[in-house]
Structures are given as C-alpha cells and as structure tokens.
Amino acid sequence: MLSRQLQQVHPNVLAKVLQRETVYQNEEIVVINKPYGLPVHGGPGIRNCISDVLPILAKMLENMKAQPLHLCHRLDKETTGVMVLARSKEVAEKIRLLFKTRQVEKIYWAISLGNPDPPEGIVEIPIVEKQVQSHQAHYKMTLAPSYRVSPEDGKMVKVRKSRNAESAVTRYRLLCSSSACSLLELQPITGVKHQIRVHLAYGLGCPILGDHKYSHWSKLAPQKLPEITLRRLKLEQSKARHLPLHLHAHRLSLPLGQRIDLVCKPPLFFLKTLKKLDLDLDITNH
C-alpha cells in the first residue's frame, strides 16, 4: 500500500518524504532512510524513483542554487534503510570505488522463515542468473555451487565454474527466533544482485519473510507461511501475497577520512512484525 502511495505522489511530495527521512548530512554526503517499495532508478511502469527527485531534494536541503545529489550505490525497490547520496560527482565516484573495493561495511537485518543451522556462519556460494522454465518464463538469481557430492562414493567433487557465475559471500548471525521465524543480522561481503535473498532462501533454506520471488523456484506464487506464523500475524494464507519483504539495511560504515557509522532504524511495518512474532530484540542496544 505504502509503495503504491509513493508511486502516485507528485515528485515534490516524494522529495519532501525523503527530506523527512534524512538521518545524516555533512558537506560531502546526505544519508536517507530509504522507504519501502521505492525504486532507486526509473523504468517501464515506474512513475516515481529516487534518482528523479535528487535535484529537488538538494534544493530542499540546501538552497535553490544547490547542485543535484548523486547516487553512490543501489538498494532494491523493496529494501529499506541506509542510502548514501553525494553532494558532488567527485565524492560519488570516491564512494562508488569504496563499495567496489569492499571497504564499506554493510549490516542488514532480515526476518526469515525457519532458523538457520548453524545459527552463525558464512555462506560462500557463487550466484548466477538463470531462466526459470515454467508456464510463465522468468529470470531468477540462483546458486552455482563450486562443489557437489558424488552419488557414487559421497565425496566432494569440484564442479566446472559457470561462465556467468559471480562469487558471493554473506556472513550471518541469528539474533533471536520465535513463531517459526528468525531475526538475522547479515553482512554481505560481496555485492551480487539479490545476494542476501538467494543465500538465505537457497543456501540456508530460510527465505526472507515476504520474499515471494525466492520462496519457490519454478512457481510465481505467494510465500507459503507456517501455521503459527500466520496465527501470530493474524493473517490468512490467501492474503500472504500482500506481505512486504522484511529486509532492512540497518548500518553502513563508510571510511571517508575518518570512519562514519550510519544507522537507520527499521520501518514501522518491520517493527510491528517483530512484535507480533515475539522476536524480542532490544532495538536500542543495536
């Protein structure tokens, strides 16, 4: 619902929303808490996106002569949280390079179905984009493991690397679990498209709550939720498709001169879900 509203508003109203969501600024950067359902870039069928309102936002934050702000990295449309914008092209390029050379520490929070086993670890499985053969052909990111278990003797066999597969590494840690769900802290070391979603769903078997794309492979269908989860959320399975993706960019540590620690609290729907599922996390201590 919220995302539809943001798609309909006038660009000035959207810029005002982003101004309200500004959590930090200095002479080089502006940091916003990105709202849910708002795309960073435009495309077919997209009326409003962040990049389109950067000139208006700059004027609102500074003055009418302000240069447009610049994007430094991207977040998926459904992901909320820390987003860094640069006041100049030079700073934007410097920050893009920090992301590219993996000098930016990124911490995400996600509510997932099930509990990861073990409760803490590193998923290091390459990811590749593949076409899904189903009644409606579509593309998904998926795992391209470097090893498989030989059916003959049970030994590990190295697999020939898929030409388009990208290395992907995600650290994860269970913060708490209840109602057949978990709150996880995630640190993507690499930045492959949909990496956290794929590593959780296909690597750990714990898809993110509200991730209707990666809860199945061949189907385009709403996520199937456990009975206890539905009960706690006061939700019927037939309405599960309205459940938003619970993935939040919680903290970003940026080495600009000295290290800047940027933190954004999760959106209201995320906090309400934590409460309903009895995922008892003291937000103030994180």
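In this report, we go over the structure that sits alongside the text.

Conventions we followed
Residues numbered from 1 in each chain as written. Predicted model: local features only at pLDDT ≥ 70, side-chain atom pairs only at ≥ 80, totals over all residues. Heavy atoms only, no water. Helix = DSSP H or I, 4+ residues; strand = E, 2+ residues; numbered from the N terminus. Buried < 20%, exposed > 50% of the residue type's maximum accessible area, 1.4 Å probe, protein only. Contact = heavy atoms within 4.5 Å. Pairing = 2+ DSSP bridges.

**Quick look at the environment of alanine 165**
- On the secondary structure map, alanine 165 appears in the loop between strand 10 (156-158) and strand 11 (169-178).
- Residue classification places alanine 165 among the buried positions, given a relative accessible area of 9%.
- Sequence separation between alanine 165 and leucine 143 is 22 residues, and the spatial gap between their C-alpha atoms is 8.5 Å.
- Contacts of alanine 165, omitting those with residues within four sequence positions, involve Pro126, Ile127, Val128 and Ala144.

**Quick look at the pairing of strand 11**
- Where strand 6 (residues 120-124) and strand 11 come together, five bridges link them in antiparallel fashion. Its bridge partner lying in strand 11, glutamate 120 is registered against arginine 173.
- Note: strand 11 against strand 12 (residues 181-188), eight bridges, orientation antiparallel. Across the sheet, leucine 174 pairs through a bridge with leucine 184, a residue of strand 12.
- The antiparallel pairing of strand 11 with strand 12 creates a hairpin that spans two residues between the two strands, and serine 179 there sits at a positive phi of about 55°.

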